[in-house]
Amino acid sequence: MTDPSETTERRFESNPTVCPFCGVGCSVEYAGRGSATGVEGPVNERGEICPKGAAAFDVVDSDDRLTEPLVRHDGRFVTAPWEAALDRAVEGIGEVVDEHGPDAVQFFASSNCTNEENYVLQKLARVLGTNNVDNCARLCHASTVAAMSERLGAGAMTNTLDDLGEADCILVNGANPAEQHPVAFRSYILPAVRDGATLVHVDPRANDTTEAADVHLPLRPGTDIELLNAVAATLVEEGLVDEAFLDERTTGFDRLRERLVDVDVAANAEAAGVEPEAIREAARAYGEADRAAIVTGMGTSQHRCGTDNVHALLNLALLTGNVGRPGTGVNPLRGQNNVQGASDVGGLPSVLPGYEPVTDPDARERVAAEWGVEPPAEPGLTEVEATHRFGDDVRAAVVFGENPAVTEPNATAVASAFDDLDYCVVIDLFETRTAAHADVVLPGSAWAEKCGTVTNTDRRVLRMRPNADLPGNARRDFDILTALGRRLTDRPEAFDYDRPEAAFEELTRVAPIYEGMSYAGIGDGYQRWPFDADAGRGTEVLHAETFATGERTAPLAVVDPVPPADDLDPDELVLTTGRVLQHFNSGALSRRSDRLVAMRGEDALQVHPSDAAERGIEDGDRVTVSNERGTVEVAAEVTPAVREGVTFCTFHYPEPLANALTGDALDPEAKIPEFKHSAVAVEPAAEAGEGSGATGDD
Ligand code: SF4
């Protein structure tokens, strides 16, 4: 790294761009002295932003930024000129391809980088000859996308943030938008509640969202299906279903009803650890509303039955006719600022840009006409499947702006699996825990140095514009990826873009849902997918007349409970994880901000007072949390906010590394891991010098 004192002063300017954190997509710009300010944008119409957005320039300005390429020499990183570093990267990956074939390489796309960058990365993988490309949507909403795509034909918000305002009831299942999507909560959900909408919150712990809720169902982690089936059974039992909608727009009601009449609401309530009357109250609020919307998050999706959890949620919407109208639908709130777009543009192993299946010969042909090469027909590996096979049939990785050694479950094992690779190239802003295992690290560009587009949680494509020049010898990610494409593949001309806009134009030709969009059309506003090129506008409410499958009807599904993968010993607690207002995901970005770190303070493990008393733990005590995957040490926060038997920790920090404890059992369909239910022992930490200490760190 270059000594920051040696770097020449960087230039900043104010240009409306998009916050790098959550998928809400607030417009921000440089406000001077290292601060961001919200500017009136398509989503934050009054220029409102949350603490994360306000601190967004701290990451841009961080002294920890990589400013020179690094190559490994005698086991240590040394700086290298760009040409030498690119040569080393291409040589290392090329040798693996020559010896083992292109499927021995895994590409990690980035859900906080632009559509254009992710489009180029997935194209690079496919032109090289593999569909082994995935992004961290795999870790957050892969199950949501799988279930919604299968039943409705589109794996995205059915509705818009704006039309949540028309809902009479909002059922928030497994999400905490007050802290995780603050502007969506304050500017869209809360106003609807203040206007009289009933807010039902399904979450194992009480948090800021719960404070605004009329009904809170603090379910045991891993019992969504029991709870949602009980809600569905109540809807049927109490005649709260929409018979006309069921007749005209669904199939399979008779079969589902047969199963639901056998559901014992009281027994399911007991399994879920909630009061039966609270379930009935929630069902009535949802079923009696003229317009009821579901908002869902990772509490629903991050289970080994995540796809089934979402199927159970979709049943509620279809049973009550709450699809295809404003103020209704099923609406996953996406985590990173471009997790929607990274998937839209093909950063997934089974689909091409625009969610066209790789198995579809027509789709492959359409892409081949543009690229000059037909992509492989077999789906590739998901990112967790790949890390499980590092050193086996996966021999190399190109990791672009992601940090799987921290963000994947069973993370200590994942970190050491990186050492089993023959070659690893990382493109990042920092020497992350993943980069520590790389052979070559290429210093890329932060959000405020980028030009391109991102796609927010309600399918709006928004422009990103540079607010800062690059530090030291860091390069724009788009330029790094196109350089790798020109050098690694035998189609260098396919990566000869003169600017990101050219890649976007190509994307609009190969991804039908983006067809007709343009930078000029987006301007300071947005264009929403699916975009109607003739009408010049996107579709706000999906599935109005027909579902995105092209069918008039969608199937109802019988969903049976699936037990969590981790068995729980009587003296163990269930660890569940999540985010808080002041931080974000792996913390790679947010913990570079002194402001955010100071606001939140040290991370802590929430423990219920009864569980704490049983273990002799007092508020603020150091405790060890352990299972067969790892041990971490952390301060205890004794609070009734978590239910008895459950403990909660964020996953924002390398220490404590919560993902050292989380399990890597996968949903069989979506291959999403079971982050939200891990059996752990919690006990007072030994005195300093006697304890095991935290598991691993950079
Ligand atoms: S709500 Fe999300 S997009 Fe908006 S400022 Fe906060 S973190 Fe950024």
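Residues numbered from 1 in each chain as written. Predicted model: local features only at pLDDT ≥ 70, side-chain atom pairs only at ≥ 80, totals over all residues. Heavy atoms only, no water.

- Under an unreviewed UniProt entry, the name given to the protein is Formate dehydrogenase major subunit, and the source organism is Halorubrum sodomense.

## Description of the nonpolar core
- If you look at the biggest cluster of nonpolar residues, it comprises 62 residues, and the most contacted ones within it are Ile-93, Phe-107, Leu-442 and Tyr-514.
- The contacts of Tyr-514, once residues within four sequence positions are left out, are Asn-115, Gly-341, Asp-344, Thr-455, Val-461, Phe-504, Leu-507, Thr-508 and Trp-529.
- Residues Val-263, Val-274, Val-310 and Leu-319 belong to the second largest nonpolar core, which totals 56 residues. (Core = buried A, V, L, I, M, F, W, Y, C linked by side-chain atoms within 4.5 Å. Buried < 20%, exposed > 50% of the residue type's maximum accessible area, 1.4 Å probe, protein only. Contact = heavy atoms within 4.5 Å.)

## A closer look at the packing of aromatic side chains
- According to the stated counting rule, one finds 10 aromatic pairs in the structure shown.
- Considering the side-chain rings of Tyr-119 and Trp-371, the 6.3 Å spacing of their centres and the 70° angle between planes classify their relative orientation as edge-to-face. One end of the pair, Tyr-119, is in helix H4 (residues 115-128); the other, Trp-371, is in helix H17 (residues 361-371), and 252 residues separate them in sequence. As far as the burial class goes, Tyr-119 and Trp-371 line up, both buried. (Phe/Tyr/Trp six-rings, centres within 6.5 Å; stacked < 30°, edge-to-face > 60°. Helix = DSSP H or I, 4+ residues; strand = E, 2+ residues; numbered from the N terminus.)

## Structural notes on the UniProt feature "domain: 4Fe-4S Mo/W bis-MGD-type" (unreviewed entry) in the protein
- In the numbering used here, UniProt assigns the feature "domain: 4Fe-4S Mo/W bis-MGD-type" (unreviewed entry) to residues 12-62.
- Split by type, residues 12-62 is 16% helix and 18% strand. Its first and last C-alpha atoms lie 14 Å apart. (UniProt positions renumbered as here; feature names shortened; annotations may be inferred.)

## Overview of the sheet that holds strand E19 (residues 452-455)
- A sheet is described by the order of its strands in space; here three strands give the open sequence E19-E20-E21, paired in antiparallel fashion. Pairing within the sheet leaves two strands with one partner each, and these edge strands are E19 and strand E21 (527-528).
- Pairing geometry for E19 and strand E20 (residues 460-464), over four bridges, is antiparallel. Residue pairing in the sheet places Thr-453 in a bridge with Arg-463 of E20.
- Across the sheet, H4 lies against E19 and E20, angled at about 90° from E19, the strand it touches most. (Pairing = 2+ DSSP bridges. Axes fitted to C-alpha atoms, helices over the stretch in contact; angles between N-to-C directions.)

## Quick look at the domain arrangement of the protein
- Taken domain by domain, the protein holds domain 1 (4-60), domain 2 (70-128 + 345-538), domain 3 (142-332) and domain 4 (573-684).
- Domain 1 puts 10 residues into the contact, and the matching count from domain 4 is 13 residues.
- Together, the buried faces of domain 1 and domain 4 total about 950 Å²; carbon and sulfur atoms form 69% of this surface.
- Inspection of the domain 1/domain 4 interface yields zero salt bridges.
- Applying the counting criterion to the domain 1 and domain 4 interface returns zero residue pairs in polar contact (both at pLDDT 80 or more).
- Of all the secondary structure elements, the ones that give two or more residues to the side of domain 1 that touches domain 4 are helix H1 (51-54) and helix H2 (57-60).
- Among the elements that make up the side of domain 1 that touches domain 4, the one with the highest residue count is H1 (three residues).
- Counted by class, the side of domain 1 that touches domain 4 contains six nonpolar, two polar and two charged residues. (Domains from an automatic or database assignment. Buried area = accessible area lost by both parts, 1.4 Å probe. Salt bridge = Lys/Arg side-chain N within 4 Å of Asp/Glu carboxyl O. Polar contact = N/O pair within 3.5 Å; in protein donor to acceptor, adjacent residues only side chain to side chain. Nonpolar A, V, L, I, M, F, W, Y, C, P; charged D, E, K, R; others polar.)

## Re a negative patch on the surface
- On the surface, Glu-91, Glu-95, Asp-98 and Glu-99 cluster together into a patch of negative charge.
- The residue Glu-95 is located in helix H3 (residues 82-100) in this model. (Patch = residues over 30% accessible without salt bridge, like charges linked within 9 Å, V, L, I, M, F, W, Y side chains within 5 Å. Areas by Shrake-Rupley, 256 points an atom, 1.4 Å probe, with all protein chains shown as cover. Lys, Arg positive; Asp, Glu negative; His and termini not counted. Charge placed at Lys NZ, Arg CZ, Asp CG, Glu CD.)

## Here's the deal with the site of the ligand
- Lining the immediate environment of the ligand, one finds Cys-19, Phe-21, Cys-22, Gly-25, Cys-26, Ile-49, Cys-50, Lys-52, Gly-53, Pro-182 and Val-183.
- Residue composition of the shell around the ligand, grouped by class: eight nonpolar, two polar and one charged. (Near = heavy atom within 4 Å.)

## Observations regarding the sheet that holds strand E17 (residues 423-428)
- Strand order in the open sheet made by the seven strands is E5-E4-E18-E17-E16-E6-E7, with mixed pairing throughout. Unpaired on one side and paired on the other, strand E5 (76-79) and strand E7 (133-134) mark the two borders of the sheet.
- Bridge count between strand E16 (residues 396-400) and E17: five bridges; the pairing is parallel. Within E17, the residue paired with Ala-396 across the bridge is Tyr-423.
- The sheet strands contacting helix H21 (residues 477-488) are E16, E17 and strand E18 (440-443), and the helix crosses E17 at an angle near 155°.

## Describing the side chain of Asn-467
- Residue placement: Asn-467 occurs in the loop between E20 and H21.
- Among the polar contacts made by the side chain of Asn-467, one reaches the main-chain carbonyl oxygen of Arg-465 at a distance of 3.0 Å.
- Among residues more than four places away in sequence, those in contact with Asn-467 are Arg-11, Phe-12, Glu-13, Ser-14, Asn-15, Thr-17, Glu-29, Tyr-30, Phe-57 and Ala-448.

## Here we look at the pairing of E5
- Relative to E5, strand E4 (residues 70-73) is paired through four bridges, and the arrangement is antiparallel. For Val-71, the partnering residue across the bridge sits in E5 and is Val-78.
- In this structure, the hairpin formed by E4 and E5 is closed by a connection of two residues, where Asp-74 is found at a positive phi of approximately 50°.

## Comments concerning helix H13 (residues 276-288)
- Over its 13 residues, H13 runs 18 Å from end to end, which matches the ideal 18 Å to within 8%, given 1.5 Å per residue.
- Those residues of H13 not exposed but buried are Ala-278, Ile-279, Arg-280, Ala-282, Ala-283, Ala-285, Tyr-286 and Gly-287. (Expected span 1.5 Å × (residues − 1).)

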